[in-house]
Amino acid sequence: MRNRGFPAGRLSSKRIRYQRSARHIRADDDRSARLVIPLSGGIGLSQCDDAVRLRPGQLGMITMARPMTLAVRRCGRAGCPPTVLLPPVPRDYVERENCR
């Protein structure tokens, strides 16, 4: 699934930790943003000096132009794999980045 040339992502995993470092940012030209929409389970986001844990019904946004960490863990007692949607937001729609 693609949106204006950007891949739309869906993540479903028992456990994953994704880090985008300054090295990754220098290696590509992805300056878009991603909406982070947990459908089941929860997800931890950390970017700049902010960290948050999102649950289903909440929404977050990350920019691919800054280092960040995204962590997914099993949900609830049943241990179901969390599912997170990561649709892209083209950089033209992101007003400005607040961190350095």
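Use the structure listed above.
An account of the accompanying structure is given in this report.

Quick notes on the rules
Residues numbered from 1 in each chain as written. Predicted model: local features only at pLDDT ≥ 70, side-chain atom pairs only at ≥ 80, totals over all residues. Heavy atoms only, no water. Helix = DSSP H or I, 4+ residues; strand = E, 2+ residues; numbered from the N terminus. Buried < 20%, exposed > 50% of the residue type's maximum accessible area, 1.4 Å probe, protein only. Contact = heavy atoms within 4.5 Å. Areas by Shrake-Rupley, 256 points an atom, 1.4 Å probe, with all protein chains shown as cover. Core = buried A, V, L, I, M, F, W, Y, C linked by side-chain atoms within 4.5 Å.

## A closer look at the overall build of the chain
Logical step 1: A count of helices and strands for the chain gives 1 helix and 11 strands.
Logical step 2: Counting the 100 residues in the chain, one finds 37% classified as buried.
Logical step 3: If you take every contact in the chain between residues at least 6 apart in sequence, the share linking residues at least 24 apart comes to 69%.
Logical step 4: Looking at the chain as shown, the accessible area adds up to about 6,800 Å², and 48% of this sits on carbon and sulfur atoms.

## Observations concerning unusual backbone geometry
Logical step 1: One non-glycine residue, Cys48, lies in the positive phi region at around 60°.
Logical step 2: With respect to the helices, strands and loops of the structure, Cys48 is situated in the loop between strand S6 (42–47) and strand S7 (50–54).

## Overview of the environment of Pro90
Logical step 1: Mapped onto the secondary structure, Pro90 falls in the segment after strand S11 (88–89).
Logical step 2: Placed 60 residues apart in sequence, Pro90 and Asp30 show a C-alpha to C-alpha distance of 9.4 Å.

## Looking at the nonpolar core
Logical step 1: Core analysis: the biggest nonpolar cluster contains 11 residues, these being Val36, Ile43, Leu45, Leu54, Ile62, Met64, Met68, Leu70, Val72, Val84 and Leu86.
Logical step 2: Those elements that place two or more of their residues in this core are S6, strand S9 (68–73) and strand S10 (83–86).
Logical step 3: The element contributing the most residues to this core is S9, with 3 residues.

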